[in-house]
Amino acid sequence: VQLVESGGGLVQPGGSLRVSCEASGFTFNRYVVSWYRQAPGKERELVASITTIGGRTDYADSVKGRFTISRDNAKNTVYLQMNSLKSEDTAVYYCNAHKREGWPPYDYDYWGQGTQVTVSS
């Protein structure tokens with residue numbers, strides 16, 4: 001089981017960046033996928049989520065209108081398009097795949113290793 005993020009880097013304020021998360025080793029299209037981020041000295045926070053077939057997306061208020069999450073189940077990949085980036089978007093971005101099934105319910109959670117996004121002039 002593996003989630004591998006890529007696409008992070010250094011970008012100027014107002015710029016754009018797309019990060020990707022490629023999954024392997026599990027049935028990706030049965031999982032809700034989310035992007036989290038963690039800035040130095042801060043708790044990890046949820047940025048965006050997308051349901052199994054992409055029918056629903058949710059965003060943190062801080063990124064609404066600027067970030068777009070999407071998925072390509074044929075490629076086992078989820079993307080986060082980030083536009084109008086701000087310095088406060090600087091963080092390590094993590095991909096998470098989650099599903100709950102069975103009775104009693106059991107949570108399956110997988111995490112990637114993270115990719116650094118730095119917004120700075």
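Before reading on, note that the structure itself is shown above.
Summarised in this report is the structure supplied together with it. (Residues numbered from 1 in each chain as written. Predicted model: local features only at pLDDT ≥ 70, side-chain atom pairs only at ≥ 80, totals over all residues. Heavy atoms only, no water.)

### With respect to the overall build of the protein chain
Move 1: The number of helices and strands found in the protein chain is zero helices and eleven strands.
Move 2: Its helices and strands in sequence order give the protein chain the pattern β-β-β-β-β-β-β-β-β-β-β, from N to C terminus.
Move 3: Taken along its principal axes, the extent of the C-alpha atoms in the protein chain is 50 × 30 × 25 Å.
Move 4: Surface exposure of the protein chain reaches about 6700 Å², of which carbon and sulfur atoms provide 46%.
Move 5: Between the mean site of the 13 positive side-chain charges and the mean site of the 12 negative ones, the protein chain shows a separation of 3 Å. (Helix = DSSP H or I, 4+ residues; strand = E, 2+ residues; numbered from the N terminus. Areas by Shrake-Rupley, 256 points an atom, 1.4 Å probe, with all protein chains shown as cover. Lys, Arg positive; Asp, Glu negative; His and termini not counted. Charge placed at Lys NZ, Arg CZ, Asp CG, Glu CD.)

### What to know about the state of the cysteines
Move 1: Summed over the entire model, instances satisfying the criterion amount to one disulfide.
Move 2: The disulfide partner of C21 is C95, and the gap between their sulfur atoms is 2.0 Å. Given an S-S torsion of about -75°, the disulfide between C21 and C95 has left-handed geometry. Of this pair, C21 sits in strand 3 (residues 17-24) while C95 sits in strand 9 (residues 91-101), and the two are 74 residues apart along the sequence. Note on accessibility: C21 and C95 belong to one class, buried. (Disulfide = S-S within 2.5 Å. Buried < 20%, exposed > 50% of the residue type's maximum accessible area, 1.4 Å probe, protein only.)

### Some details on the pairing of strand 3
Move 1: Examined bridge by bridge, strand 1 (residues 2-6) and strand 3 share five bridges and lie antiparallel to one another. Counted as the bridge partner of L3 is A23 from strand 3. (Pairing = 2+ DSSP bridges.)

### Focus on the environment of E5
Move 1: Tracing the backbone shows E5 in strand 1.
Move 2: Taking the C-alpha atoms as reference points, E5 and T27, separated by 22 residues in sequence, lie 18 Å from one another.
Move 3: Apart from the residues within four sequence positions on either side, E5 is in contact with S20, C21, W35, Y93, Y94, C95, G112, Q113, G114 and T115.
Move 4: Here the side chain of E5 touches Q113 through a polar contact of 3.0 Å, landing on its backbone nitrogen. (Contact = heavy atoms within 4.5 Å. Polar contact = N/O pair within 3.5 Å; in protein donor to acceptor, adjacent residues only side chain to side chain.)

### Side note on unusual backbone geometry
Move 1: Note that the residue after W103, namely P104, is joined by a cis bond; omega there is 0°.
Move 2: Mapped onto the elements of the fold, P104 is located in the loop between strand 9 and strand 10 (106-111).
Move 3: Positive phi outside glycine occurs at N76, with the angle close to 50°.
Move 4: Examined against the element boundaries, N76 turns out to sit in the loop between strand 7 (67-72) and strand 8 (77-82).
Move 5: Relative accessible area serves as the criterion here: at 25%, N76 is assigned to the partly exposed category.
Move 6: One non-glycine residue, S84, lies in the positive phi region at around 50°.
Move 7: Mapped onto the elements, S84 comes out in the loop between strand 8 and strand 9.
Move 8: For S84, a relative accessible area of 41% gives the class partly exposed.

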